[in-house]
Amino acid sequence: MASIRLDRVRCVQELRQIEAKVEVVQAVGERMKRKGPWVIIAVVACLCVFTSLLLFIIEDVDDWAYSESESVVNSIWGVQTADGAIEGTCAYYLQMGGDYVYANRGDYGQFSKTFDLTNDNNLLIDVAITKSSGLNRANYFAQIFVGTNLIWERDMYYALGSTTLNLDVSIFTGKQPIILRVYAKSSDGAGDWGKFIFDDPQEG
């Protein structure tokens, strides 16, 4: 099964290729300075194109969108961080509840990103779940959606060590939003929390 790693390794390789091309163009520009302003203008134009490609690749690394709906301020939050990655260089955290705050029924926080699932059968996602000792059963849930379709769910009362989920996405095709969410099915006492951690998925 061929899988495509959607992490920074690919981006770093592409960045290095672009940097090498930029160095070549700069060297040619230095040699051609004496041949007139039109050559210099052409070199500058090439550099602008390479810069645009570079910015596109950089922006593509961090294109997960975060959104939330909370009834209690600061009861839900999501963050991208280089610390705590399960595998690779980046991790995403979704936390529900915390010190002196709690989420109410229907509250959620989520990260979403569009993937092209054409000819893909599986979605591999490294995940982990941690929680406070006082978190009650059936309060907070970790969920994964393809569009509006729930394809995985776990009660965050049951902590989960670092593991790789192998999810069947063979029924989907084309560009689809992948959504990783924490969701409150009922309210919990203040001070209790659950945290959903994941890395960039792989298509296969």
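Residues numbered from 1 in each chain as written. Predicted model: local features only at pLDDT ≥ 70, side-chain atom pairs only at ≥ 80, totals over all residues. Heavy atoms only, no water.

K.L.:
For this particular structure, what's the right way to read the overall build of the chain?
P.N.:
Secondary structure assignment for the chain yields two helices and twelve strands. Going from the N terminus to the C terminus, the chain shows its helices and strands as β-α-α-β-β-β-β-β-β-β-β-β-β-β. Out of the 204 residues belonging to the chain, those deemed buried represent 41%. Of the contacts formed within the chain by residues at least 6 apart in sequence, a portion of 78% connects residues at least 24 apart. (Helix = DSSP H or I, 4+ residues; strand = E, 2+ residues; numbered from the N terminus. Buried < 20%, exposed > 50% of the residue type's maximum accessible area, 1.4 Å probe, protein only. Contact = heavy atoms within 4.5 Å.)

K.L.:
Where do I start with the pairing of strand β5 (residues 108-116) in this structure?
P.N.:
Within a regular strand, side chains alternate between the sheet's two faces. In the sheet, strand β2 (residues 65-69) pairs with β5 via five bridges, with the strands oriented antiparallel. Considered in β5, the bridge of Tyr 66 is made with Phe 111. Across nine bridges, the pairing between β5 and strand β10 (residues 175-184) is antiparallel. Looking at the pairing, Asp 116 lines up with Lys 175 of β10. (Pairing = 2+ DSSP bridges.)

K.L.:
Which parts of the structure should I look at to understand the confidence of the model for the chain?
P.N.:
For the chain, per-residue confidence averages 78 on the pLDDT scale, and 68% of positions sit at 70 or higher. Residue range residues 48-61 is modelled with pLDDT below 50. Its contacts to residues more than four positions away, or to other chains, number 17 contacts. (pLDDT = per-residue confidence, 0-100.)

K.L.:
I'm lost on the sheet that holds β5 in this one. Help?
P.N.:
Hydrogen bonds between backbone atoms are what pair the strands of a sheet, whose relative direction is either parallel or antiparallel. The sheet built from five strands is open, its strands ordered β2-β5-β10-β7-β8 with antiparallel pairing. Single-partner strands in this sheet number two, and they are β2 and β8 (149-155). Pairs of neighbouring strands in the sheet enclose a mean axial angle of 20°, with direction left out of account. Relative to β8, strand β7 (residues 140-146) runs antiparallel, the two sharing six bridges. (Axes fitted to C-alpha atoms, helices over the stretch in contact; angles between N-to-C directions.)

K.L.:
Teacher, can you tell me more about the side chain of Gln 143 here?
P.N.:
As for its position among the elements, Gln 143 is in strand β7. A polar contact of 2.7 Å, which involves the side chain of Gln 143, links it to the side chain of Glu 153. With residues near it in sequence (within four places) discarded, Gln 143 still touches Leu 150, Trp 152, Glu 153, Ile 179, Leu 180, Arg 181, Tyr 183, Lys 185 and Phe 196. (Polar contact = N/O pair within 3.5 Å; in protein donor to acceptor, adjacent residues only side chain to side chain.)

K.L.:
Just checking my understanding: could you explain the packing of aromatic side chains for this structure?
P.N.:
Geometry of an aromatic ring pair is reported as the spacing of the ring centres plus the angle between the planes. With the rule as written, the count across this model stands at ten aromatic pairs. Geometrically, the ring pair formed by Tyr 92 and Phe 111 is edge-to-face, given 5.4 Å between the ring centres and 65° between the ring planes. Taken as a pair, Tyr 92 in strand β4 (residues 91-96) and Phe 111 in strand β5 lie far apart in primary sequence, 19 residues in all. For Phe 111, a relative accessible area of 5% translates into the label buried. (Phe/Tyr/Trp six-rings, centres within 6.5 Å; stacked < 30°, edge-to-face > 60°.)

K.L.:
Whenever I open this one, unusual backbone geometry confuses me. Can you help?
P.N.:
The phi dihedral of Asn 74 falls on the positive side, at around 65°, and the residue is not glycine. Positive phi is not limited to glycine here, since Ala 138 has a value of about 65°. Here Ala 138 lies in the loop between β6 (122-131) and β7.

K.L.:
When you look at the nonpolar core in this model, what are you seeing that I'm missing?
P.N.:
Grouped together as the largest cluster of nonpolar side chains are 32 residues, with contacts concentrated most on Ile 125, Ile 144, Trp 152, Met 156, Leu 180, Phe 196 and Phe 198. Among the secondary structure elements, those contributing two or more residues to this core are β4, β5, β6, β7, β9 (160-168), β10 and β11 (194-198). Contact partners of Ile 125, with chain neighbours within four places excluded, come to Ile 144, Thr 163, Thr 164, Leu 165, Leu 167, Leu 180, Phe 198, Asp 199 and Pro 201. (Core = buried A, V, L, I, M, F, W, Y, C linked by side-chain atoms within 4.5 Å.)

K.L.:
What is the right way to read the pattern of salt bridges from this model?
P.N.:
Opposite charge on two side chains lets them pair, provided their charged atoms get close. This model, assessed by the stated rule, comprises two salt bridges. When the shortest N-O distance is used, the salt bridge between Asp 63 and Lys 113 registers 3.2 Å. Placement of the pair is Asp 63 in the loop between α2 (37-61) and β2 and Lys 113 in strand β5, with a sequence separation of 50 residues. We classify Asp 63 as partly exposed; its relative accessible area is 31%. One salt bridge in this structure joins Glu 153 and Lys 185, with 3.1 Å as the shortest N-O distance. Of the two residues, Glu 153 sits in strand β8 while Lys 185 sits in the loop between β10 and β11, which places them 32 residues apart along the sequence. We classify Lys 185 as partly exposed; its relative accessible area is 33%. (Salt bridge = Lys/Arg side-chain N within 4 Å of Asp/Glu carboxyl O.)

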